[in-house]
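# Observations on chain architecture
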Amino acid sequence: MKKLLLVCAAGMSTSLLVNKMKDAAKEKGIELEIFALPVSECQKVAHEVDVVLLGPQVRYQKPQVEEIIAGRVPVEVIDMRAYGMMNGKAVLERALELMA
């Protein structure tokens, strides 16, 4: 099963987005593990995820996350508009494009 990591600051809004993405995946009949963690915990799962998406509020930490991931999988900042509107479907579709 593919694993998708969302990197966040505290996690409240990102948790809401994770739930919306899970709903969108279920609608599409796609099995994915989607979860959110702060940057400080990325290293623990870096070897087992298939894509990493950063919340816009932590975009400044992208170089740090890229260093942890070491080019193994795509790392991208979530579109600010999609994040702000909690558009789980759009964020999921972008993640699927990155994993293709």
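Quick caveat: nothing in here was measured; it's all calculated off a predicted structure.

Look at the UniProt record and you will see "modified residue: Phosphocysteine" (unreviewed entry) annotated at Cys 8. Along the polypeptide, Cys 8 turns up in strand β1 (residues 2-8). Discounting chain neighbours no more than four positions away, the residues touching Cys 8 are Thr 14, Ala 36, Leu 37, Pro 38, Val 39, Gln 57 and Val 58.

Time to look at the nonpolar core. Core analysis: the largest hydrophobic core is formed by 20 residues, its most contacted members being Leu 4, Leu 6, Leu 17, Met 21, Ile 34 and Leu 53. When residues of this core are traced back to their parent elements, those giving at least two are β1, α1 (12-28), β2 (32-38), β3 (51-54), α4 (80-84) and α5 (88-99). Excluding residues within four positions of it along the chain, Leu 17 makes contact with Leu 6, Ile 78, Tyr 83, Met 86, Asn 87, Gly 88 and Val 91. Of all hydrophobic cores here, the second largest spans 17 residues; its members include Leu 5, Leu 37, Val 49 and Leu 54.

Attention shifts here to unusual backbone geometry. If you check the backbone angles, Ala 70 has positive phi at about 55° while not being a glycine. Locating Ala 70 in the fold gives a position in the loop between α3 (62-69) and β4 (75-77). Backbone geometry places Met 86, a non-glycine residue, at a positive phi of 50°. By secondary structure assignment, the location of Met 86 is in the loop between α4 and α5. Residue Met 86 is classed as buried on the basis of its relative accessible area, which comes to 14%.

Summed over all chains, the structure comprises 0 disulfides. Cys 8 forms no disulfide, and the closest cysteine sulfur to it belongs to Cys 42, at a distance of 8.7 Å. Overall, Cys 8 belongs to the buried group, its relative accessible area being 4%.

Conventions used here
- Residues numbered from 1 in each chain as written.
- Predicted model: local features only at pLDDT ≥ 70, side-chain atom pairs only at ≥ 80, totals over all residues.
- Heavy atoms only, no water.
- UniProt positions renumbered as here; feature names shortened; annotations may be inferred.
- Helix = DSSP H or I, 4+ residues; strand = E, 2+ residues; numbered from the N terminus.
- Contact = heavy atoms within 4.5 Å.
- Core = buried A, V, L, I, M, F, W, Y, C linked by side-chain atoms within 4.5 Å.
- Buried < 20%, exposed > 50% of the residue type's maximum accessible area, 1.4 Å probe, protein only.
- Disulfide = S-S within 2.5 Å.

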